[in-house]
Amino acid sequence: MQLVLEQASAAKRQNQGLRHSVPGIRDWLQDPGLRRKVTAGLNKGEARNTLARAVFFNRLGEIRDRSFEQQRYRTSGLNLLTAAIVLWNTVYLDRTITTLTSNGGEIDPDLLRFLSPLGWEHINLTGDYTWPRANQIKPGKYRPLRRTEKP
């Protein structure tokens, strides 16, 4: 009898949630702008998760540390490295746009909203991250931008 009451109570809670979400679903179905906005947000989240999986691939996507504290250190390190990649990409995207516009290049402002700092194809993700002191860049300086010839 207790099980039946628990299931009835759970069903009642689920139906209340459904009743409250129907207007949201209706708005989503009727508004293409809302669908685009929601999809864009979901895509950004997926892109960040894909970057984190790529960084973590060396460990095959598993946290094998036994203690909770060590697991937390590992995930914090993953978040820190992911944030460093996003920061690096953001700085160099800004420098690239600035260089292109200062050299007389034209950039369509409508296309800038499609840029994302979540790419990693240009970063070595072997799992071995070293920063030799000989290759360090002075504060306030940047690595040179790669230039490609126009076709």
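Residues numbered from 1 in each chain as written. Predicted model: local features only at pLDDT ≥ 70, side-chain atom pairs only at ≥ 80, totals over all residues. Heavy atoms only, no water.

### Details of the overall build of the protein chain
Per the secondary structure count, the protein chain includes 4 helices and 0 strands. Ordering the α and β elements of the protein chain from the N terminus gives α-α-α-α. Sorting the 151 residues of the protein chain into buried and exposed places 10% on the buried side. Taking contacts inside the protein chain between residues at least 6 apart in sequence as the whole, the part at least 24 apart equals 66%. For the protein chain, the exposed surface amounts to about 13,100 Å²; the carbon and sulfur share of it is 57%. (Helix = DSSP H or I, 4+ residues; strand = E, 2+ residues; numbered from the N terminus. Buried < 20%, exposed > 50% of the residue type's maximum accessible area, 1.4 Å probe, protein only. Contact = heavy atoms within 4.5 Å. Areas by Shrake-Rupley, 256 points an atom, 1.4 Å probe, with all protein chains shown as cover.)

### A closer look at helix H3 (residues 68–102)
Taking 1.5 Å as the rise per residue, H3 with 35 residues should run 51 Å; its terminal C-alpha atoms sit 51 Å apart, in good agreement. Among the residues of H3, Leu-78, Leu-81, Thr-82, Ile-85, Asn-89, Tyr-92 and Thr-99 are the ones counted as buried. If you follow the buried residues of H3, they end up packed against helix H2 (32–56). Immediately beyond the C-terminal end of H3, within one or two residues, lies Gly-104, with a positive phi of roughly 90 degrees. (Expected span 1.5 Å × (residues − 1).)

### Quick look at the packing of H2 against H3
At a minimum axis separation of 10 Å, H2 and H3 run at an interaxial angle of 115 degrees. Where H2 crosses over H3, the two elements pack in a sense that is right-handed. Along its contact with H2, which presents Arg-48, Leu-51, Ala-52, Val-55 and Phe-56, the element H3 presents Arg-74, Leu-78, Asn-79, Leu-81, Thr-82, Ile-85 and Val-86. Its residues assigned to classes, the contact of H2 with H3 comprises 8 nonpolar, 2 polar and 2 charged. (Axes fitted to C-alpha atoms, helices over the stretch in contact; angles between N-to-C directions. Left-handed = near helix turned anticlockwise from the far one by under 90°. Nonpolar A, V, L, I, M, F, W, Y, C, P; charged D, E, K, R; others polar.)

### Considering the nonpolar core
Most often, soluble globular proteins keep nonpolar side chains buried together rather than apart. Ranked by size, the top nonpolar core spans 10 residues in total: Leu-51, Ala-52, Ala-54, Val-55, Phe-56, Leu-78, Leu-81, Ile-85, Leu-118 and Leu-125. Contributions of two or more residues to this core are made by H2 and H3. When residues in this core are grouped by element, the largest group, 5 residues, is from H2. (Core = buried A, V, L, I, M, F, W, Y, C linked by side-chain atoms within 4.5 Å.)

### Quick look at the side chain of Thr-82
Inspection of the secondary structure assignment puts Thr-82 in helix H3. Excluding residues within four positions of it along the chain, Thr-82 makes contact with Arg-48, Leu-51 and Ala-52.

### Focus: the layout of surface pockets
Its volume calculated, the second largest pocket comes out at about 340 Å³. If you trace the second largest pocket, you find it lined by Ala-40, Asn-43, Lys-44, Ala-47, Arg-113, Phe-114, Leu-115, Ser-116, Pro-117, Leu-118 and Gly-119. (1 Å grid on protein atoms, 1.4 Å probe; cavity = no way out; pocket = protein on both sides within 12 Å on 5 of 7 lines; lining within 4 Å. Points joined across faces, edges and corners; volume = space filled by probe spheres on them.)

### What about the confidence of the model for the protein chain?
Per-residue pLDDT for the protein chain averages 76, and the proportion of residues at 70 or more is 75%. Helix H1 (residues 2–30) is the least confidently modelled element of the protein chain, averaging 59 in pLDDT, while H3 averages 87, the highest of any element. (pLDDT = per-residue confidence, 0-100.)

### Observations concerning H2
For H2, built from 25 residues, the straight-helix expectation of 36 Å at 1.5 Å per residue is met to within 8% by its first-to-last C-alpha distance of 36 Å. Within the span of H2, buried status applies to Leu-51, Ala-52, Ala-54, Val-55 and Phe-56. Contacts made by the buried residues of H2 are with H3. In this structure Asp-31 caps H2, since a side-chain oxygen of it lies 3.0 Å from the backbone nitrogen of Gly-33. (Polar contact = N/O pair within 3.5 Å; in protein donor to acceptor, adjacent residues only side chain to side chain.)

### Some details on a nonpolar patch on the surface
A cluster of nonpolar side chains, namely Ile-25, Trp-28, Leu-29, Val-38 and Leu-42, defines an oily patch on the protein surface of about 470 Å² accessible area. For the nonpolar patch, the secondary structure elements donating two or more residues are H1 and H2. At 3 residues, the largest contribution of residues to the nonpolar patch is made by H1. Locating Ile-25 in the fold gives a position in helix H1. (Patch = residues over 30% accessible without salt bridge, like charges linked within 9 Å, V, L, I, M, F, W, Y side chains within 5 Å. Salt bridge = Lys/Arg side-chain N within 4 Å of Asp/Glu carboxyl O.)

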